[in-house]
Structure formats: structure tokens, C-alpha cells
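# Structural description and commentary
Given next are the chains, with one letter for each unit.
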Amino acid sequence: MKYITSYIILLTSYIFLACSAPSIPENAQRINSKPPIYPDYTDVTLPANLCAPNFMVRDAQVVVARFSCGDKQYVYGEDNKVIIDDDDWAMMRDAAKGKSIQVEVFCNYSDNGGSWKAYKPFHMYIANDTIDSYISYRLIQPSYVAYEDLVLAQRNITTFEESNIYSNRLIQTEENGQCINCHSYQNYSTSNMLFHMRQYLGGTMIVDNGKISKVNLKTDSTISAGVYPAWHPSLNLIAFSTNNTMQTFLMKDKGKIEVFDTASDLILYDVDNNTVSTICNDSNQLESFPVWSPDGKTLYYSDAHFEYAANDTTSKEKQVIARFSEIKYNILRRSFNPQTHTFGEPEMVFDAAALGKSATLPRVSPDGRYLVFALGNFGCFHVWHPEADIYLIDLQQPDSIHCLKGLNSKQSESYPSFSSNGRWIMTDSRREDGNYTRPYISYFPPVKPGEKPVCRKAFAIPQKDPEYNILLTKSYNRPEFMRQPVTISPKDFAAMAKTEAVKAKYK
């Protein structure tokens, strides 16, 4: 019996040692700089419900980190990674709400037990504000033409759970490929949502109050089926752009590729009546990227003036390729009558072309006061333009334009969006390597009278393994906030995808 007791004591001791925290190295060399952690969570402001911000130091052999919160300390370290216990993080995060957590990082860069370096402590500030629990995005290889393995995914950012909403591998074949494109939600809710499927078994998948249908929005009176969508915040109406989109590869330009429209209009789709009507279709205007104001009484969009040379016998596509740097989008808006479903005349919101710039992808804050957009030198696909940044306009002071420095980087930022409470702005960013887009989020604190609107330092969506995005050879495309997950299964979407699309009627 005593041998069994001794074995239990020994086993218990082994488990305790195996699970015990690493020790803080003594006599470490003090470094007067913050640690080079990846992702960079130094001095960021995090939501009150975000999952643990795990990180690593790429060149280190061993990393140890001490988190100090009030009178409690937590120490973690496993090789060159810091993986925070989920329960510990929840306790720290809740205790530090409205305050901060101090983090000290110690690194050993030698593989034979060399000296340690102790970096300057930094803080993780925990906001009083929470964030929407879910985001969704396309995961796509940034290979310009390949999309054999493409999914529309959703992620719970209060945990590390990720799942597929739909995958094109469910129905495509070796001979017949399918592309998934452009998802949208009504007022952050997944009970009314949509996404496009192009090419094989193509159509627009509409979820109306939880019921799926597949619609063909192309009519004889429109350029294409619906492309860039915006679901009205309260009515069963969806504004779309219709686009003839092309791309060209660049041999001499420092850019890799340019994506452009040779024609684009705006249409309105009535979900209940399955009808399409024209909002605007001026042949000399390229209208795109519609978005509604939160009250549903205004439609914002990007618009570029482009006239094809009448004496030029080359195709429209070749004319645009030859002059693509001339295409500069402004932000316009039209009033909307919810009772009659009619629109007013266009009004200029931001004349980017007058500044020699191009403004695309507008989004309005949930309180209706602020408008954010991507600003580049030209064109509409700013994801390919390293100079593109996110800017903000206070719609109460329309001449006041602000560069959101805390959100931007030296690489491209595109596709901004607000969380449902307006306190967080998410963008698609290529800041890490210039090739892969990844979602970054920045805190947008309330603006006090007399102050300028600012964003705090942006942070990457945390992963359980901080090396995950380094090894993932896919881009996160069109990240959107959601209040809840999509509950329709990928198989149910695939079953509907195999049916014939219902053709919309032009009104």
C-alpha cells in the first residue's frame, strides 16, 4: 500500500512540475526597448471580451513573460511562444477592465543556454467597451487567378473557434470551378444575409429570416448580377453595384496587378418581390461600393468620372488599362425615401479627385456621425496599393477629414468597417509582409467636444498559436462584424447551390 501511496505522491509531483509556470530568469540584461513580439500587442487597447493575445518572439530560443494585474502575477513561456491560459486571461482581463495589464518579456536567443535579455515592460489596456463576438471573411490564396480552395469562414474572437460558413469544394469539380464572393449582413445580424457564387452553379445566396434562396440578379437591363452589396438596415432591400470588372498585370509599374471596372452602376433589389430596379446608370460614371446610413434614409457610394475617347478605336478595356491612373473615385450620397423606395439626386460628400486622390469603400458609423473610407492615389482596388490608408470624415463637420494613424501602416489598408457599438474599426491590412491581407482592429474611443477623432494602435486578431498566420498562405478578405454566428450549415448552402437560381425581374 505504501508503494502505491509513494507512486501517487511522485505522480502528483510530476504533474505539478510539468504544469508549473516557468521561472523568471535572474540577472537578465536590461534592454531599453520594447520586445519584438509577434503579433505586436505592445501598448494596444483591447476589447473587454477579446480572447487571449498570445504572442511569440521569432528569433528567440526561449521566451518567458510575466503579466502583472493588481496584486496578482502570471508567468508563461513555452519555447519562443507565450500561450496564455484562457481562464487566467479571463480573470486578468476582467480585473483590468478600464485599466491595464503590465507585461514583462524575457528572451534567450542562444540554443546553448546563453544570457537572457529583459525588455522594457509594456501595457495591454483593457477597454470598458466590448466588441461583436464574431467576424467573417473569405480565406483565399492571393494568387490572382486561383480559387480552387476558397471558404467563407466565421470566427468567434472571444474564443479561438473558427468554422466554415460555406466552401466551394463542396460542389465544384475538377472541370467546373466556383468562386465565392462578397458577403453581407443586415444590421450585423445573420438571420438576413447573402453571399455570391460565381461561375459553376453561380447565383446570389439570399438568407431571408433564416430561409435560403438562390437568385440570379442579372437582367437584360443591367451590366451584371449584383456584385458589391449593402443590405438596408430595416427593410428587405439590398443595394448592389453591377460591375464589369477586369484586371491587368503590370510589368514596369511597382505594383503587381491593377483591378478596375470598365462599367459599373447601382441597382436596388427587393427581396420580397424579387425585383431589380436602377438607382443610377450614367455611362460616364463608375458607381460602386454602396452603403446605407444607419437610419436607412441615405445611400453612400463611390463614384468616378471616366469618359471613353470617341475617336479611340481600341476597346474600353484597353482604354482603361492605358489610363487607369486617371480613374479617381469620390464619395457621393443620395437621399432615400423608405416609403416610395425612390432616391434623390447625387450630392458630393468628399471630392477626393480634387486632391488628386481616390476614395473607395465608404462605411458609416452606427450612430450615423462618422464615415470611414480607404484613400489611395487612384483606382478602386486599394488592397493592391501600398499607399492606401483609412480616413474618416465627421459628417457633422464635412470639411474635417482625419487620417486614422493608429489604424494605418506603411502597407495597404482597405475595407474598413465599424463594430455594432461603433467603438472598434476593423480593416484589411497588408502591414505584415505586403502580400497577405489580415484583419486588424483599432479602438475608436468616444470623441469629446473640441477633440479630433483618433484610433488607438491597431492589433491583429489573436490566434491560439501565434505562428498560425505566418504559416497560413491565405488572405483574409472582406472581414465583417457579426453579432452572432451563421447557423445554417455549409451542407445546406451546398444543397441550395445545386438548385437552379430564380431569375429576378427588372422593374
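The shown structure was predicted, so the numbers you read here are calculated from the model rather than taken from an experiment. (Residues numbered from 1 in each chain as written. Predicted model: local features only at pLDDT ≥ 70, side-chain atom pairs only at ≥ 80, totals over all residues. Heavy atoms only, no water.)

## Some thoughts on the overall build of the protein
Rules: Working definition: helices are DSSP H or I runs of at least four residues, strands are E runs of at least two. Numbering for both runs from the N terminus. Any residue under 20% of the maximum accessible area for its type is buried, any over 50% is exposed, and the rest in between are partly exposed; the area is computed with a 1.4 Å probe on protein chains only. The contact rule is simple, with two residues in contact once any of their heavy atoms fall within 4.5 Å. Surface accessibility in these figures is a Shrake-Rupley result with a 1.4 Å probe; residues are shielded only by whichever protein chains are displayed. For the charge count, each Lys or Arg is scored as positive and each Asp or Glu as negative, with His and the chain ends excluded. Where a charge sits is defined by one atom per residue type, namely NZ (Lys), CZ (Arg), CG (Asp) or CD (Glu).
Secondary structure summary: the protein contains five helices and 36 strands in total. Oriented by its inertia axes, the alpha-carbon framework of the protein measures out at about 90 × 55 × 50 Å. Each of the 507 residues in the protein was classed as buried or not, and the buried ones make up 53%. A sequence separation of at least 24 residues applies to 57% of the contacts in the protein between residues at least 6 apart. A total of about 23,200 Å² of accessible surface is found on the protein, and carbon and sulfur atoms cover 49% of it. Computing the positive centroid from 51 side-chain charges and the negative centroid from 56, the protein places the two 2 Å apart.

## Some points on the pairing of strand β11 (residues 151-156)
Applied cut-off: Paired strands, as defined in this entry, are two strands with at least two bridges between them according to DSSP.
Among the six residues that make up β11, six are buried, leaving the element largely enclosed by the rest of the structure. Across the two faces of β11 the burial is the same, with V151, A153 and R155 and L152, Q154 and N156 all buried. Pairing of strand β10 (residues 134-140) with β11, which is carried by six bridges, proceeds in the antiparallel orientation. Looking across to β11, one finds that Y137 is bridged to A153. Inspection of the sheet shows β11 paired to strand β12 (residues 162-167) by five bridges, in the antiparallel sense. Within the sheet, the bridge partner assigned to L152 lies in β12 and is Y166. Here β11 hands over to β12 after five residues, the two strands then running antiparallel side by side.

## Focus on the pattern of salt bridges
In plain terms, the rule: Any Lys or Arg side-chain nitrogen found within 4 Å of a carboxyl oxygen on Asp or Glu counts as a salt bridge.
Across all of its chains, the model carries 16 salt bridges by this definition. E467 serves as the salt-bridge partner of K81, at 3.0 Å between the closest nitrogen and oxygen. In this pair, K81 is assigned in strand β6 (residues 81-82) and E467 in the loop between β33 (459-460) and α4 (468-471), connecting sequence segments 386 residues apart. For the salt bridge of R323 with E326, the shortest nitrogen-to-oxygen distance reads 3.1 Å. The class for E326 is partly exposed, based on a relative accessible area of 45%.

## Quick notes on the nonpolar core
Quick note on the threshold: Nonpolar cores are built from buried Ala, Val, Leu, Ile, Met, Phe, Trp, Tyr and Cys residues. Side-chain atoms within 4.5 Å join them into one set.
Counting 75 residues, the largest nonpolar core has F55, F67, W89, M92, I101, V105 and M124 as its most contacted members. Once residues within four sequence positions are removed from consideration, W89 is found in contact with L46, L50, C51, A52, P53, I84, I101, M124 and I126. The next biggest cluster of nonpolar side chains, apart from the first, holds 22 residues, and it includes L150, Y166, V486 and F493.

## Quick look at helix α5 (residues 490-497)
Filter applied, for reference: What the arc measures is the spread of directions leading from the helix axis to the C-beta atoms.
All of the buried residues along α5 are F493, A494 and A497. In a view along the axis of α5, the buried residues occupy a sector of 100 degrees, so they form one face of it. The inward-facing, buried residues of α5 contact β12, β14 (189-199), β15 (203-208) and β16 (211-216).

## Some details on the confidence of the model for the protein
Put simply, the rule is: The pLDDT score gives, residue by residue, the confidence of the prediction method on a 0 to 100 scale.
Looking at the protein as a whole, its pLDDT mean stands at 92, while 94% of the residues score no less than 70. Below pLDDT 50 for its whole length, residues 1-19 participates in zero contacts with residues either more than four positions away or in separate chains.

## Remarks on the sheet that holds β33
Ordered in space as β30-β31-β32-β33, the four strands form an open sheet in which the pairing is antiparallel. Both outer strands of the open sheet, β30 (413-418) and β33, are each paired with one neighbouring strand and no more. Across four bridges, the pairing between β30 and strand β31 (residues 424-429) is antiparallel. Its bridge partner being in β31, S417 is matched across the sheet by M426.

## Some words on the pairing of strand β8 (residues 116-119)
Strand direction decides the pairing type here: strand β1 (residues 29-31) and β8, joined by three bridges, are parallel. What sits directly across from R30, in β8, is A118.

## Thoughts on the packing of aromatic side chains
What counts, and what does not: Side-chain rings of Phe, Tyr and Trp, where Trp is taken by its six-membered ring, are said to pair if the distance between their centres is within 6.5 Å; with planes under 30 degrees apart they count as stacked, over 60 as edge-to-face, and otherwise as tilted. The rule is short: NZ of Lys or CZ of Arg within 6 Å of the ring centre and within 35 degrees of the ring normal puts a charge over the ring.
Tallying each qualifying case throughout the model produces 17 aromatic pairs. Judged by centre distance (5.0 Å) and plane angle (65 degrees), the rings of W292 and F336 are edge-to-face. Residue W292 is located in strand β21 (residues 285-292), and its partner F336 is located in strand β23 (residues 329-337); the two are separated by 44 residues in the primary sequence. When the ring of W424 is compared with that of Y443, the centres are 4.6 Å apart and the planes differ by 45 degrees; the resulting orientation is tilted. With W424 in strand β31 and Y443 in strand β32 (residues 438-443), this residue pair connects regions lying 19 residues apart in the sequence. A residue is classified by how much of its surface remains accessible, and Y443, at 8% relative accessible area, is buried. Taken together, the aromatic side chains of F55, F67 and Y76 make up a single cluster linked through ring pairs. When the ring centre of Y308 is taken as origin, the NZ or CZ atom of K316, which lies over that ring, is 5.0 Å away. The lysine or arginine in question, R431, covers the ring of Y440, its NZ or CZ lying 4.3 Å from the ring centre.

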